[in-house]
Amino acid sequence: MKKGVLKEKSFRFAIRVVNLYKHLSEKKKEFVLSKQILRSATSVGAMIREAEHSESIADFIHKMAIAQKEINETIYWLELLNETAYISNIEFESIHTDAVEIIKMITSSIKTAKKSLTTNH
């Protein structure tokens, strides 16, 4: 259940960031930061999808850890876009809340997987 929710949330989040990228590049003429956030944010869901078909618990943990790093990087780019006034505080709060929720879910999944790894050994 939780993995399905995380998969869906990360996909919806990627869609939001793709739309943010379009807005930043077309309306604000910002190309560097927007490309960075596009890469890191869309990578999150891709890594979660890869983890879904991992070869082992260790492989699952590894892929989810990459997703965790990518969402953390995405949060950095969001903060930078907000502080440089490319996105408003309202826009930032909305998407940042989603990103924080995703990082918490990923962290929880990693902790659960690590517990099962130590329990099985």
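The rules behind these values
Residues numbered from 1 in each chain as written. Predicted model: local features only at pLDDT ≥ 70, side-chain atom pairs only at ≥ 80, totals over all residues. Heavy atoms only, no water. Helix = DSSP H or I, 4+ residues; strand = E, 2+ residues; numbered from the N terminus. Buried < 20%, exposed > 50% of the residue type's maximum accessible area, 1.4 Å probe, protein only. Contact = heavy atoms within 4.5 Å. Lys, Arg positive; Asp, Glu negative; His and termini not counted. Charge placed at Lys NZ, Arg CZ, Asp CG, Glu CD. Polar contact = N/O pair within 3.5 Å; in protein donor to acceptor, adjacent residues only side chain to side chain. Phe/Tyr/Trp six-rings, centres within 6.5 Å; stacked < 30°, edge-to-face > 60°. Axes fitted to C-alpha atoms, helices over the stretch in contact; angles between N-to-C directions. Parallel < 35°, antiparallel > 145°, perpendicular 65-115°, else oblique. Left-handed = near helix turned anticlockwise from the far one by under 90°. Nonpolar A, V, L, I, M, F, W, Y, C, P; charged D, E, K, R; others polar. Expected span 1.5 Å × (residues − 1). Core = buried A, V, L, I, M, F, W, Y, C linked by side-chain atoms within 4.5 Å.

A few words on the overall build of the protein. If you tally the helices and strands in the protein, you get four helices and zero strands. Of the regular secondary structure in the protein, the N- to C-terminal order runs α-α-α-α. C-alpha extents for the protein along the principal axes are approximately 55 × 20 × 20 Å. Sorting the 121 residues of the protein into buried and exposed places 40% on the buried side. Contacts in the protein between residues far apart in sequence, at least 24 positions, make up 75% of those at least 6 positions apart. In the protein, the 19 positive side-chain charges and the 15 negative ones have mean positions that sit 3 Å from each other.

By secondary structure assignment, the location of Asp59 is in helix 3 (residues 57-83). What makes Asp59 buried here is its relative accessible area of 17%. A polar side-chain atom of Asp59 sits 2.8 Å from a polar atom in the side chain of Lys63.

Let us now look at the packing of aromatic side chains. Taken as a whole and judged by the stated rule, the model has one aromatic pair. Ring geometry for Tyr76 versus Trp77: centroids 4.9 Å apart, planes at 70°, classification edge-to-face. Given the relative accessible area of 45%, Tyr76 is considered partly exposed.

This paragraph deals with the packing of helix 3 against helix 4 (residues 89-119). Helix 4 packs onto helix 3 with a crossing angle of 160° between their chain directions and a minimal axis gap of 9 Å. It follows that helix 3 is roughly antiparallel to helix 4 by the angle criterion. For the crossing formed where helix 3 meets helix 4, the hand is left-handed. Across the contact of helix 3 with helix 4, the residue classes tally to 20 nonpolar, eight polar and two charged.

For the rest of this paragraph, the subject is helix 2 (residues 32-52). The first and last C-alpha atoms of helix 2 sit 31 Å apart over 21 residues, in line with the 30 Å expected at 1.5 Å per residue. Those residues of helix 2 not exposed but buried are Leu33, Ser34, Ile37, Leu38, Ser40, Ala41, Ser43, Val44, Gly45, Met47, Ile48 and Ala51.

Of note, Ser109 is situated in helix 4. For Ser109, a relative accessible area of 15% corresponds to the buried category.

Now for the packing of helix 2 against helix 3. The description of two packed helices rests on the angle between their axes and on the distance between the axes. For the pair helix 2 and helix 3, interaxial distance at closest approach is 8 Å and the crossing angle is 155°. As the angle between them shows, helix 2 and helix 3 are arranged roughly antiparallel. Viewed along their axes, helix 2 and helix 3 form a crossing whose handedness is left-handed. Taken together, the residues of the contact of helix 2 with helix 3 sort by class into 16 nonpolar, four polar and four charged.

On to the nonpolar core, then. Residues Phe13, Leu20, Met64, Ile71, Leu78 and Ile106 are the most contacted members of the largest nonpolar core, which totals 31 residues. Those elements giving two or more residues to this core turn out to be helix 1 (2-26), helix 2, helix 3 and helix 4. Residues in contact with Ile71, not counting those within four places in the same chain, are Phe13, Val44, Ala99, Ile102, Ile103 and Ile106.

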